[in-house]
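# Fold and contact review
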Amino acid sequence: MSTVSPSRTWKRPPLIKDTKLRYGLLLFVIVYFIAAFFSYEVNWARVYEGLDRGWEFIKAFSNPDFVTRWKDISAGIWESIIITVTSTVVGIILAIPIALGTASNLAPKPVYLFCRGIIAVARALHEIIVAILMVAIFGFGPLAGFITLAFSTIGFIAKLLAEDIENISKPQAEAVKSTGSGWWQWINYAIQPQVMPRLIGLSIYRVDINFRSSSILGLVGAGGVGATLNTAFDRYEFDTAAAIIIIIIAIVLVLEYVSSFIRAKVQ
Amino acid sequence: MLQLQNLGKSYKTGDDALKGVNLEIPDGQIVGLIGPSGAGKSTLIRCVNRLVEPTTGKVILNDVDVTTLSAGGLRKERRKMGMIFQEYALVDRLTIMENVLSGRLGYVGFWKSFLRKYPQSDVDEAFRLLERVGLDHMVDKRADELSGGQKQRVGIARALIQDPEVLLIDEPTASLDPKTSRQIMRLIAELCKERNLSTIVNIHDVALAQMYVERIVGLQLGEIVFDGPPEGLTPDVLTQIYGEEDWEATIDEVSDDVDDDINEDGIDSAKNTDKIAKVITEAVSAP
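Quick caveat, the model's predicted, so the values are computed rather than measured.

### Quick word on the interface of chain A and chain B
Listed per partner, the contact involves 19 residues of chain A and 21 residues of chain B. Mapped onto the side of chain A that touches chain B, the elements with two or more residues apiece are helix H7 (170-177) and helix H8 (183-217) of chain A. With eight residues, H8 of chain A is the single largest residue contributor to the side of chain A that touches chain B. When the residues that make up the side of chain A that touches chain B are grouped by side-chain class, the tally is eight nonpolar, nine polar and two charged.

Pasting the structure below:
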C-alpha cells in the first residue's frame with residue numbers, strides 16, 4: 001500500500017530574501033520617484049509661449065534653407081569631417097599600444113596600471129569638458145576639437161580593444177609562442193588576427209561617434225559645423241539650422257549603413 | 001635525447017602537479033603519456049618548452065639545460081621543440097600557409113614575418129609538408145574553414161617546419177572521430193620515425209596509444225607509476241594508473257576493429273597496422 005504523501009509546493013526563490021527589505025526597498029523607490037517628479041516646477045504660461053517657438057522650429061524642417069548660408073554650412077561640414085577623420089586616425093594609432101598595455105594577459109603590472117590610468121582619465125572626462133579645456137589652451141578653432149576627440153577616442157578604443165585581447169583563445173597564443181617567436185611576432189601572428197574584426201568594428205563605430213560629437217563641439221568654440229549651427233540658432237534662422245541638422249542626419253545615416261556593411265564583411 | 005631530471009611543478013594554488021619526474025627519451029622514440037585527468041600530463045609537456053615554468057628540476061635537450069635559459073636563449077631552444085595541440089590551436093583567421101609558416105617565426109626577423117616575406121626555402125618546405133599531409137591544394141583557405149582532421153594536419157606541418165628535434169604532442173586526437181584519430185596517430189608515428197624525433201604524446205585513448213607508440217609512461221598524481229612497452233599494460237597496471245575498472249573491454253577493442261581501418265588517404269600503410277594489431281592481440285591474449 002502506498003500512502004499519499006502531502007504535495008510539496010515550490011516557488012522561485014526571490015532575489016532579495018528578506019521580505020521586509022524587499023518591500024521596503026520597493027516602497028522607497030516609488031515614494032522617492034513621486035517626490036522627485038513633483039519637485040519640477042512647470043511654468044505653464046512659459047510653455048504656452050514656447051510652443052509657438054518650437055512649432056516655428058519644426059516647421060522650418062519643411063522648408064530648410066540650404067542656400068542663404070551655404071558657404072558657412074559647407075565650410076562647417078568640411079571642418080567637421082576633417083576633425084572626424086584626423087581625430088579618429090590619430091586616436092586609434094595611440095590607442096593600440098595603450099590597449100596592449102592594458103590587457104592583463106600581456107602587460108606586466110606597472111605598465112598595466114599606468115595604461116589603465118590613462119584610460120580612466122580619458123573616459124572620466126566628458127568631451128565637452130575636455131573641449132572647454134582645449135579651447136582654453138589652444139584657442140577657438142578645429143585644433144581644439146581634433147585634440148579633444150583624439151583624446152576620447154583613445155579611452156574608448158583602448159578599453160574595448162584591451163577587453164577583446166584579454167578574451168583571446170589561449171591555445172592559439174600558446175601555439176605561436178611555442179614556435180620560438182619573438183614578442184612582436186607573437187602579437188602579429190597570435191593576437192592581431194584574433195582581435196582585428198573587433199578593432200575594425202570599433203574604429204568604424206568611432207568614426208560615427210566622432211562625427212556626431214564634432215557637430216556639438218562647435219557650441220563651445222572647438223570648431224566644426226556646431227559653430228555654424230550655434231550661429232544659426234542665435235540669429236533665429238531656424239531654416240538654416242534645419243538644413244544643417246538634415247545634413248548631419250544624412251551623413252550619420254550613411255555612416256551607419258557603411259559601418260554595418262563593413263562589419264558584416266570582416267567577421 | 002631529451003632528459004627530464006627531477007622535474008617538479010607546484011602551482012600557486014598549492015597543487016603539486018608534478019612531483020620529481022625523471023624521464024629519458026632517446027632520439028626517434030615515441031612515448032605515449034597516459035593517465036587520468038589532472039595527473040599532470042599537460043603540465044609535463046608544457047614544462048619541457050616552458051610554456052609552464054617548472055618549479056624544480058631540469059629539462060635537458062642534447063646537453064642544453066632548457067630551464068636555466070634567458071628569454072632569448074629559450075626562444076632559440078623552443079625552435080627545436082615542435083608542439084601539437086589538442087584543439088589544433090591554429091590561428092583561425094590566418095590562412096593555412098600562414099599557419100604553417102608561423103612555425104618559422106623563430107628563424108626569421110620581425111619585418112620579414114610581418115610582411116609575410118619568408119625565404120624561398122621556407123615556402124618550398126611549407127609546400128612540401130602540406131603535400132605530405134595532403135593539403136597542398138588549399139594553402140590560401142582560412143584555418144577555420146577546415147575539418148578537425150585537416151586542422152590537425154596543418155598543426156603537424158606547423159610543428160615539423162620548425163625542423164624540431166623533439167615533438168611535444170598534447171591530446172592530438174581528443175576532438176577527432178575514431179578513424180581520423182588513427183590516421184593522425186599513424187601520420188605522427190611515421191613522421192617521427194622518418195625524422196628521428198624524440199616524441200611525447202599525451203593521450204587519453206589507451207587502445208590508440210598501444211597501437212602507435214613503442215613506450216608507455218603512466219602518470220598518476222604527478223608521479224610516474226608505469227614505464228614500459230605497450231604490451232605491459234595489463235588490467236592490473238591500468239588499475240594502478242586509473243583506478244578500479246573492468247579493463248578487458250578497453251584492451252579487447254583494439255584487436256577487434258583494426259581490420260576495417262583501410263588505406264584511404266594515401267598516408268596509411270595497412271600492412272604495418274596489421275602487424276601492430278597482431279602484436280597487441282597476442283600480448284592481450286597472453287595469460
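### Topic: the nonpolar core
Residues Ala99, Ile157, Ala158 and Leu161 of chain A together with Val100, Ala157 and Leu168 of chain B are the most contacted members of the largest nonpolar core, which totals 115 residues. The element best represented in this core is helix H6 (residues 142-166) of chain A, accounting for 13 residues. Those residues in contact with valine 100 of chain B, other than ones at most four positions away along the chain, are Ala126, Leu129, Leu130, Val154, Ala157, Arg158 and Ile161 of chain B.

### Details of the sheet that holds strand E3 (residues 30-34) of chain B
Residue and element names in this part refer to chain B. The mixed open sheet is built from six strands, whose spatial order is E6-E7-E8-E3-E9-E10. Both outer strands of the open sheet, strand E6 (81-84) and strand E10 (223-228), are each paired with one neighbouring strand and no more. With direction set aside, neighbouring strand axes in the sheet form an average angle of 20°. Here four bridges tie E3 to strand E9 (residues 215-220), and the two strands are oriented parallel to one another. Within E9, the residue paired with glycine 32 across the bridge is isoleucine 216.

### A short note on helix H5 (residues 127-138) of chain A
Residue and element names in this part refer to chain A. Taking 1.5 Å per residue as the helical rise, H5 with its 12 residues ought to reach 16 Å, and the 15 Å between its terminal C-alpha atoms agrees with that figure. Taken as a whole, H5 has its buried residues at Glu127, Val130, Ala131, Met134 and Val135. One face of H5 carries all of its buried residues, which in axial projection span an arc of 140°. Among the exposed residues of H5, those oriented more than 90 degrees off its buried face are Ile129, Ala136 and Ile137. Lining the buried residues of H5 we find H6 and H8. Residue glycine 139 follows H5 closely and has a positive phi angle near 85°.

### Brief notes about the environment of isoleucine 34 of chain A
In this fold, isoleucine 34 of chain A is placed in helix H1 (residues 19-37). Considered as a pair, isoleucine 34 of chain A and phenylalanine 66 of chain A are 32 residues apart in the sequence and their alpha carbons are 45 Å apart.

### Considering helix H6 (residues 148-160) of chain B
All names here are of chain B. Relative to the 18 Å expected for 13 residues at 1.5 Å per residue, H6 spans 18 Å between its end C-alpha atoms, a close match to the ideal helical length. Taken across its 13 residues, H6 has 12 buried, putting it largely inside the fold. Turning to H6, its buried residues are Gly149, Gln150, Lys151, Gln152, Arg153, Val154, Gly155, Ile156, Ala157, Arg158, Ala159 and Leu160. Packed against the buried residues of H6 are E6, helix H3 (96-101), helix H5 (120-132), strand E7 (166-170) and helix H7 (178-195).

### Points about the confidence of the model for chain B
Residue and element names in this part refer to chain B. Here chain B shows a mean pLDDT of 85. Residues at 70 or above account for 87%. Mean pLDDT per element in chain B: helix H11 (residues 270-285) is the minimum at 52, and H3 is the maximum at 95. Taken as a whole, residues 253-272 scores under 50 in pLDDT and shows 25 contacts with residues more than four places along the chain or in a different chain. Here the predicted complex carries an ipTM of 0.81, next to a pTM of 0.79.

### Quick notes on the pairing of E3 of chain B
For a regular strand, the rule is simple: side chains alternate between the two faces of the sheet. Residue and element names in this part refer to chain B. Most of E3 is tucked away, with five of its five residues classed as buried. With burial as the criterion, each face of E3 is covered, one bearing Ile30, Gly32 and Ile34 and the other bearing Val31 and Leu33. Direction of pairing for E3 relative to strand E8 (residues 198-202): parallel, over a ladder of four bridges. For glycine 32, the partnering residue across the bridge sits in E8 and is valine 201.

### As for the confidence of the model for chain A
Interpretation of the predicted coordinates at a detailed level should be avoided for regions scoring low in pLDDT. For chain A, per-residue confidence averages 90 on the pLDDT scale, and 99% of positions sit at 70 or higher. Within chain A, no element has a lower average pLDDT than helix H2 (residues 44-60) of chain A, which sits at 86, and none a higher one than H1 of chain A, at 95.

Each value, and the rule that gives it
Residues numbered from 1 in each chain as written. Chains lettered and ligands numbered in written order. Predicted model: local features only at pLDDT ≥ 70, side-chain atom pairs only at ≥ 80, totals over all residues. Contact = placed C-beta atoms within 7 Å. Helix = DSSP H or I, 4+ residues; strand = E, 2+ residues; numbered from the N terminus. Nonpolar A, V, L, I, M, F, W, Y, C, P; charged D, E, K, R; others polar. Core = buried A, V, L, I, M, F, W, Y, C linked by C-beta atoms within 7 Å. Buried ≥ 20, exposed ≤ 12 C-beta atoms within 10 Å, placed from the backbone. Pairing = 2+ DSSP bridges. Axes fitted to C-alpha atoms, helices over the stretch in contact; angles between N-to-C directions. Expected span 1.5 Å × (residues − 1). Arc of directions from axis to C-beta. pLDDT = per-residue confidence, 0-100.

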